[in-house]
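Architecture and fold: a report
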Amino acid sequence: MIRAATPDDIDRVAAVVVDEPVGWISAERFRADLAAWMYRPEWTWIVERDGQIIARALWWGRAGDTHPVALDCLSVDPSVPDRAALAAALLRAGMSAVGAPAAPQFTVSVAAGWRDDPATTAAVGWRRDAAIAAGLTDEVERLRFEWTPGPVASGVAGRERDRLVFQEASDEEFLHAFRRVASGSLDVQTRRSVAADGIDAAARAEMDFYLGCPGDRSWWRIVTTGDGVLVGLAVPSATPYHRNVGYLGVVPEMRGHGYVDDILGEITRIHAADGAQVITATTDATNAPMAAAFVRAGYRTTEIRIVYSAPVAGEALGLQSSTP
């Protein structure tokens, strides 16, 4: 039987253990996020056989969200002959019931070099098959980075910290900057949004997302040269768990001058000055320039996130092959 969980199921749902080399949600994390209203019984879907839970799908959202924004744990008991088929049926049922305006993304977290490990490739394989069968046919790999206090990396220390001006600004000024940096972006999601909805709507959606994050709006900075020419923007943010790099970008005509290092350095300094012991960040695996900037700034890769999502209008343009 495939169904949504009820409050009476919570103990059994929390007790599920995933014995595969992929990221999964432990009982402690599930209960904590359930209490914070980021997991909910109606977003938690299970498959039962003879009174035992043999599969679970945990959709996640922020406390104030009406709909979940991501599926971050999908597991099927190894005793099931066709794990992908059962998982696909579970995904279709859950996605239909939660009623989100767009299918939530499904993220599978693995260690770097995962393709060299047969157990990990098998764990990813049946989840990929399930995602594709359920309509989540677009696949992007993202690198997750972490910064912790330590010596300043040479790539950042060597920059002239005063060559740019970082200043607070109005929402209108930030929306203009979001539009400008979206033009020609290498980020897969940004390019998809621009292709599907146009640059104005994509910029508005990006800004609204960060306004809804736990970070403080007062952290945001417009970035200019000393004589007031727009360079880009820095949007330090936070997740429910850690401080986060958030969003940074450089306008097209200013790219290629190493300003990304200055902007990332400023975001890192803002968080570090507030005592952050961990700062997280992600970028697409194909975005070599941004990944290199994180390394120069002293961030280290902690995992790979394989993200499956439903296709959107504009995919025929081939935009899925690029990143920010």
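Nothing here was measured: the structure is a model prediction, and the numbers come from that model.

Rules behind the numbers
- Each chain has its residues counted from 1, running along the sequence as written.
- Per-residue local features of the predicted model are confined to residues with pLDDT of at least 70, and side-chain atom pairs are confined, for both listing and counting, to 80 or more; whole-chain, interface and lining totals are unaffected and use all residues.
- Side-chain descriptors were evaluated using all non-hydrogen atoms of the structure, hydrogens and water having been removed beforehand.
- Comment: elements are numbered from the N terminus, with helices defined as DSSP H or I runs of at least four residues and strands as E runs of at least two.
- Atoms considered for the radius of gyration are the C-alpha atoms alone. The globule rule reads 2.2 Å times the number of residues to the power 0.38.
- Partly exposed residues are those whose accessible area sits between 20% and 50% of the maximum for their type, while under 20% is buried and over 50% is exposed, using a 1.4 Å probe and protein chains only.
- Note on areas: these come from Shrake-Rupley sampling with a 1.4 Å probe, and a residue is covered only by the protein chains present in the view.
- Positive charge is attributed to Lys and Arg, negative charge to Asp and Glu, and no charge count is given to His or to the chain ends.
- Note that the charge is assigned to NZ on lysines, CZ on arginines, CG on aspartates and CD on glutamates.
- Paired strands, in this sense, are two strands between which DSSP finds at least two bridges.
- Note on method: axes are straight lines fitted to C-alpha atoms, helices fitted across the in-contact stretch only, with angles between N-to-C directions ranging 0 to 180 degrees.
- We call two residues in contact whenever any of their non-hydrogen atoms come within 4.5 Å of each other.
- For this analysis, a nonpolar core means a set of buried residues of the types Ala, Val, Leu, Ile, Met, Phe, Trp, Tyr and Cys, connected via side-chain atoms within 4.5 Å.
- An angle counts as roughly parallel when it lies under 35 degrees, as roughly antiparallel when it exceeds 145, as roughly perpendicular when it falls between 65 and 115, and as oblique in every other case.
- Helix crossings get a hand from a simple test, with the near helix turned counterclockwise from the far one by less than a right angle marking a left-handed crossing and a clockwise turn marking a right-handed one.
- Classification used: nonpolar for Ala, Val, Leu, Ile, Met, Phe, Trp, Tyr, Cys and Pro, charged for Asp, Glu, Lys and Arg, polar for all others including Gly.
- Expected helix span is computed as 1.5 Å times (number of residues minus one).

1. Topic: the overall build of the protein
- Of the regular secondary structure elements, the protein holds ten helices and twelve strands.
- In terms of overall size, the protein behaves like a compact globule, its C-alpha atoms giving a radius of gyration of 21 Å where 324 residues would be expected to give roughly 20 Å.
- If one aligns the C-alpha atoms of the protein with their principal axes, the spans along those axes are about 70 × 40 × 40 Å.
- Expressed as a percentage of its 324 residues, the buried residues of the protein come to 50%.
- Split by element, the accessible area of the protein, about 14500 Å² in all, is 53% carbon and sulfur.
- Side-chain charges of the protein comprise 31 positive and 42 negative groups, with the mean position of each set lying 1 Å from the other.

2. Remarks on the pairing of strand β9 (residues 230-238)
- With respect to burial, β9 is a largely interior element, nine of its nine residues being buried.
- One ladder, built from four bridges, connects strand β8 (residues 221-225) with β9; its direction is antiparallel. Each residue of the ladder has a partner; that of T224, found in β9, is L230.
- Hairpin connection of β8 to β9: four residues between the antiparallel strands, including G228 at a positive phi of 90 degrees.

3. Some words on the sheet that holds strand β1 (residues 2-4)
- Read across the sheet, twelve strands follow the order β1-β2-β3-β4-β5-β12-β6-β11-β10-β9-β8-β7 without closing on themselves; strand pairing throughout is mixed. Single-partner strands in this sheet number two, and they are β1 and β7 (164-167). Across the sheet, the mean angle separating the axes of adjacent strands is 30 degrees when strand polarity is ignored.
- Where β9 and strand β10 (residues 243-250) come together, six bridges link them in antiparallel fashion. Within the sheet, the bridge partner assigned to A234 lies in β10 and is L248.
- Here helix α9 (residues 259-273) sits on the sheet and contacts β6 (138-147), β7, β8, β9, β10 and β11 (279-284); the angle it forms with β10, its principal contact strand, is near 155 degrees.

4. A look at the nonpolar core
- Ranked by size, the top nonpolar core spans 80 residues in total, and within it L74, F178, L233, V245, L264 and Y299 carry the most contacts.
- Per element, the largest residue contribution to this core is eight residues, and it comes from helix α3 (residues 83-98).
- In terms of nonpolar packing, the next biggest core, distinct from the first, is built from 15 residues, I10, A14, M38 and L58 among them.

5. So, the environment of E206
- Tracing the backbone through its elements, the reader meets E206 in helix α8 (residues 199-211).
- Here the alpha-carbon distance between E206 and V223, two residues 17 residues apart in the chain, equals 18 Å.
- Once residues lying within four places of it in the same chain are set aside, the contact partners of E206 are F178, T190 and Y247.

6. Comments concerning the packing of helix α6 (residues 171-182) against α8
- The contact between α6 and α8 brings their axes to 9 Å, and the two run at 120 degrees. Comparing the axis directions of α6 and α8 gives the class oblique. In this structure, α6 meets α8 at a crossing whose hand is right-handed. Of the residues in α8, those in contact with D171, F174, L175, F178, R179 and A182 of α6 are I199, D200, A203, R204, E206 and M207.
- Taken together, the residues of the contact of α6 with α8 sort by class into seven nonpolar, no polar and five charged.

7. Things to note about the pairing of strand β12 (residues 300-309)
- Strand direction decides the pairing type here: strand β5 (residues 105-110) and β12, joined by five bridges, are antiparallel. Following the sheet pairing, V108 is matched in β12 by I306.
- In terms of strand pairing, β6 meets β12 through nine bridges, oriented antiparallel. For V140, the partnering residue across the bridge sits in β12 and is V307.

8. Quick notes on α3
- The end-to-end C-alpha separation of α3 is 22 Å, in line with the 22 Å expected for 16 residues at 1.5 Å each.
- Contacts made by the buried residues of α3 are with β1, β2 (44-49), β3 (52-60), β4 (70-76) and α4 (118-133).

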